[in-house]
Amino acid sequence: MVRGARLSVKASPQQDFAPAARTFRFSQAMNTAHAHAPVAWPPDAQYGAATPGKIGMWIFLVSDAFSFGGLLIAQGILRSRSPEWVQPGEPALNIPFTAALTFLLISSSFTNVMAWSAAATGRRRAAATLLAVTALGGLLFLAGQAFEWTTLVHEGLVFGRSPRASTFYVITGFHGLHVLVGVAYILTVLGQYSRGRATAHHVELLGLYWCFVDFVWIFVFSLVYLMP
Amino acid sequence: MIVFGVLGVLTLVEFGVARTTGVARPAIVLALVALALSKAALIALFYMHLRFETRILRLTVLAPLVAPAIYGLVLIAESAARAAR
């Protein structure tokens, strides 16, 4: 573990994030070109040990939740206004298959949480393996969704032909995009982590994003698929 | 591991509720929304560790989410009422 270099910082006026008298402990890695271990921020009166990275991720996720909220509200309004939501000739959604996809996503959240705790306790190989399994779960989910879409288009649920079809593809597509970005994010962190350039903190932030993808799917599954 | 099990069971319950027939539609809608909210709460509190964060961070995250919920309820109810007229 790189010893922190004790550094006394004169807080500039606009950066009054801590009393000037208090010293900050910067890890020496901060000065090297690429590897930078998390800065040991002093516990904050409001946010405790939550790092700026974590608070930033949370604020991003809340704003992203608004995006999904807007789409789901739009679907709810369209649906409450149309007496016939399922148009004649349109197929029903494959609920058992989607329930299996839901369980797959819950399982990949679980492996992600396991990776996170393995990384936090220094079990690097286990953490890397679990991250890979999590990415695989995401890829399987995307494959399942691609299969579902092609089947539905084949059976007559075509984007643009009805509010139901359009909202279905926009909402599940927007979520699928998040899963795709999530898989890329996992593989990136996995690569960095395997080379010792990402730390448990990076795995933690990734974990927040990936669990958020599952968090959103719970509402998509209930409101888009299951709603009678 | 317990949270994982509970999430799995709740998903099965949701699946069963959605397939129930002969029950008033509003009751099914209410049950599905309640199940979704409880699963989401489990994920946020335990998988995303909100439970171990400070009260202020929890407030920072959860308080803004109340707005779209209220907004959605009002708009959808209003739209449904107008359509029923």
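The structure presented is a predicted model; accordingly, all values stated were derived computationally and were not measured.

(A) Local environment of the packing of aromatic side chains. Residues and elements named next belong to chain A. By the definition in use, this model includes 13 aromatic pairs over all chains. Taking the centre distance of 5.1 Å and the plane angle of 85 degrees together, the rings of F141 and W217 count as edge-to-face. With F141 in helix α3 (residues 124–155) and W217 in helix α5 (residues 200–226), this pair connects stretches of sequence that are 76 residues apart. Comparing F141 with W217 shows no difference in burial state: the two are buried. Plain terms: the ring middles of F168 and Y169 are 5.2 Å apart, the flat faces sit at 75 degrees to each other, and that makes the pair edge-to-face. By the burial criterion, F168 is buried, and Y169 matches it. Site record: aromatic cluster; members linked through ring pairs are F141, W149, F168, Y169, W217, F221 and Y225. When the ring centre of Y193 is taken as reference, the NZ or CZ atom of R124 above it lies at 4.2 Å.

(B) Focus on helix α1 (residues 2–18) of chain B. An ideal rise of 1.5 Å per residue puts 24 Å on 17 residues; α1 of chain B measures up with 24 Å between its terminal C-alpha atoms. For α1 of chain B, the full list of buried residues reads V3, F4, L7, G8, L10, T11, E14 and V17 of chain B. Where the residues of α1 of chain B are buried, they touch α2 (95–120) and α5 of chain A together with α2 (25–47) of chain B.

(C) How the structure looks around the environment of F219 of chain A. Among the structural elements, F219 of chain A can be located in helix α5. Under the relative-accessibility criterion, F219 of chain A is labelled buried at 18%. With 150 residues separating them in the primary sequence, F219 of chain A and G69 of chain A have C-alpha atoms 9.3 Å apart. The residues contacting F219 of chain A, other than those within four sequence positions of it, are L72 and V224 of chain A together with A36, L37 and A40 of chain B.

(D) Quick peek at the confidence of the model for chain A. Taken as a whole, chain A shows an average pLDDT of 84; of its residues, 82% reach a score of 70 or greater. Note on residues 1–34 of chain A: pLDDT under 50 across the span, and 39 contacts to partners over four residues away in sequence or across chains.

(E) Spotlight on empty space enclosed by the protein. All told, the structure shown has one cavity of 30 Å³ or more when counted by the stated rule. The space that makes up the largest cavity amounts to roughly 90 Å³. Breaking the lining of the largest cavity down by element, the ones donating at least two residues are α1 (52–81) and α5 of chain A together with α3 (55–84) of chain B. It is α1 of chain A that contributes the most residues to the lining of the largest cavity, four residues altogether.

(F) Structural view of a nonpolar patch on the surface. The grouping of V66, I70, L73 and V74 of chain B at the surface amounts to a nonpolar patch, some 390 Å² of accessible area in total. With respect to the helices and strands, the residue I70 of chain B is situated in helix α3.

(G) Geometry of the interface of chain A and chain B. On the chain B side, the residues contacting the 41 residues of chain A number 41 residues. Between chain A and chain B, a total of about 3700 Å² is buried, with carbon and sulfur atoms accounting for 80% of that surface. Taken together, the connections running from chain A to chain B amount to one salt bridge. Residue E53 of chain B pairs with K54 of chain A through a salt bridge whose shortest N-O separation is 2.4 Å. Our count for the contact surface shared by chain A and chain B stands at five residue pairs in polar contact (both at pLDDT 80 or more).

(H) Region of interest: the packing of α5 of chain A against α2 of chain B. Direction vectors running N to C along α5 of chain A and α2 of chain B enclose 175 degrees, while the axes themselves pass 9 Å from each other. Relative to α2 of chain B, the element α5 of chain A lies roughly antiparallel. Taking contact as the criterion, the partners of C211, D214, F215, I218, F219, S222, L223 and L226 of chain A in α5 of chain A are, on α2 of chain B, L32, V33, A36, L37, K39, A40, I43, A44 and Y47 of chain B. Across the contact of α5 of chain A with α2 of chain B, the residue classes break down as 14 nonpolar, one polar and two charged.

What counts, and at which threshold
- Residues numbered from 1 in each chain as written.
- Chains lettered and ligands numbered in written order.
- Predicted model: local features only at pLDDT ≥ 70, side-chain atom pairs only at ≥ 80, totals over all residues.
- Heavy atoms only, no water.
- Phe/Tyr/Trp six-rings, centres within 6.5 Å; stacked < 30°, edge-to-face > 60°.
- Helix = DSSP H or I, 4+ residues; strand = E, 2+ residues; numbered from the N terminus.
- Buried < 20%, exposed > 50% of the residue type's maximum accessible area, 1.4 Å probe, protein only.
- Lys NZ or Arg CZ within 6 Å of the ring centre and 35° of its normal.
- Expected span 1.5 Å × (residues − 1).
- Contact = heavy atoms within 4.5 Å.
- pLDDT = per-residue confidence, 0-100.
- 1 Å grid on protein atoms, 1.4 Å probe; cavity = no way out; pocket = protein on both sides within 12 Å on 5 of 7 lines; lining within 4 Å.
- Points joined across faces, edges and corners; volume = space filled by probe spheres on them.
- Patch = residues over 30% accessible without salt bridge, like charges linked within 9 Å, V, L, I, M, F, W, Y side chains within 5 Å.
- Areas by Shrake-Rupley, 256 points an atom, 1.4 Å probe, with all protein chains shown as cover.
- Salt bridge = Lys/Arg side-chain N within 4 Å of Asp/Glu carboxyl O.
- Buried area = accessible area lost by both parts, 1.4 Å probe.
- Polar contact = N/O pair within 3.5 Å; in protein donor to acceptor, adjacent residues only side chain to side chain.
- Axes fitted to C-alpha atoms, helices over the stretch in contact; angles between N-to-C directions.
- Parallel < 35°, antiparallel > 145°, perpendicular 65-115°, else oblique.
- Nonpolar A, V, L, I, M, F, W, Y, C, P; charged D, E, K, R; others polar.

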